[in-house]
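# Geometric and topological summary
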Amino acid sequence: MIKTNEGHMKREIGDLIKIIDNENLGIVLKEHQKAGIPFYLIYDTKTEKQTWFPYYSLANPVKLPGTS
């Protein structure tokens, strides 16, 4: 995760994140820019579906015990 000039946190492919809309955990699969806004393809681990979310619908990546 890297802070960009626009002030949002850039997610990395493979990041485990919390989806704000539904509180589920998801894995970042892809990133896409639309009109300058980053969207992320997220695999929702609860529903087992892939969905595009704008960056502001995602919380910061989850830190797992034993990781830096």
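Residues numbered from 1 in each chain as written. Predicted model: local features only at pLDDT ≥ 70, side-chain atom pairs only at ≥ 80, totals over all residues. Heavy atoms only, no water.

## Re the pairing of strand S5 (residues 37-44)
Where strand S4 (residues 25-34) and S5 come together, eight bridges link them in antiparallel fashion. Each residue of the ladder has a partner; that of Glu31, found in S5, is Tyr40. The pairing of S5 with strand S6 (residues 49-54) spans six bridges and is classified as antiparallel. Residue Leu41 lies in a different strand from S6, and its bridge partner there is Trp52. (Pairing = 2+ DSSP bridges. Helix = DSSP H or I, 4+ residues; strand = E, 2+ residues; numbered from the N terminus.)

## A word on the pattern of salt bridges
By the definition in use, this model includes one salt bridge. Where Lys18 meets Glu23, a salt bridge forms, and the shortest distance between an N and an O atom there is 3.0 Å. The class of Lys18 is partly exposed, set by a relative accessible area of 34%. (Salt bridge = Lys/Arg side-chain N within 4 Å of Asp/Glu carboxyl O. Buried < 20%, exposed > 50% of the residue type's maximum accessible area, 1.4 Å probe, protein only.)

## Quick notes on the side chain of Ser57
Checked against the element boundaries, Ser57 lands in the loop between S6 and strand S7 (58-61). With residues up to four places along the chain from it excluded, the contact list for Ser57 reads Lys18, Ile19, Ile20 and Asp21. (Contact = heavy atoms within 4.5 Å.)

## Some thoughts on the nonpolar core
Ile17, Ile19, Val28, Tyr40, Ile42, Phe53 and Leu58 form the largest nonpolar core, which has seven residues in total. Those elements giving two or more residues to this core turn out to be strand S3 (16-19) and S5. Apart from residues no more than four positions distant in its own chain, Phe53 is found in contact with Ile19, Asp21, Pro38, Phe39, Tyr40, Ile42 and Leu58. (Core = buried A, V, L, I, M, F, W, Y, C linked by side-chain atoms within 4.5 Å.)

## Observations regarding the confidence of the model for the chain
Summing up the model confidence of the chain, the mean pLDDT is 83 and the portion of residues at 70 or higher is 84%. Ignoring residues within four places in sequence, the model shows residues 1-5, a span with pLDDT below 50, making 13 contacts including any to other chains. (pLDDT = per-residue confidence, 0-100.)

## Focus on the sheet that holds S5
Two strands in a sheet stick together by hydrogen bonds in their backbones, pointing the same way (parallel) or opposite ways (antiparallel). Taken in spatial order, the five strands line up as S6-S5-S4-S3-S7 in an open sheet, and their pairing is antiparallel. Strands at the two margins of the open sheet, each flanked by one partner only, are S6 and S7. When strand polarity is set aside, the average angle formed by the axes of neighbouring strands in this sheet is 40°. (Axes fitted to C-alpha atoms, helices over the stretch in contact; angles between N-to-C directions.)

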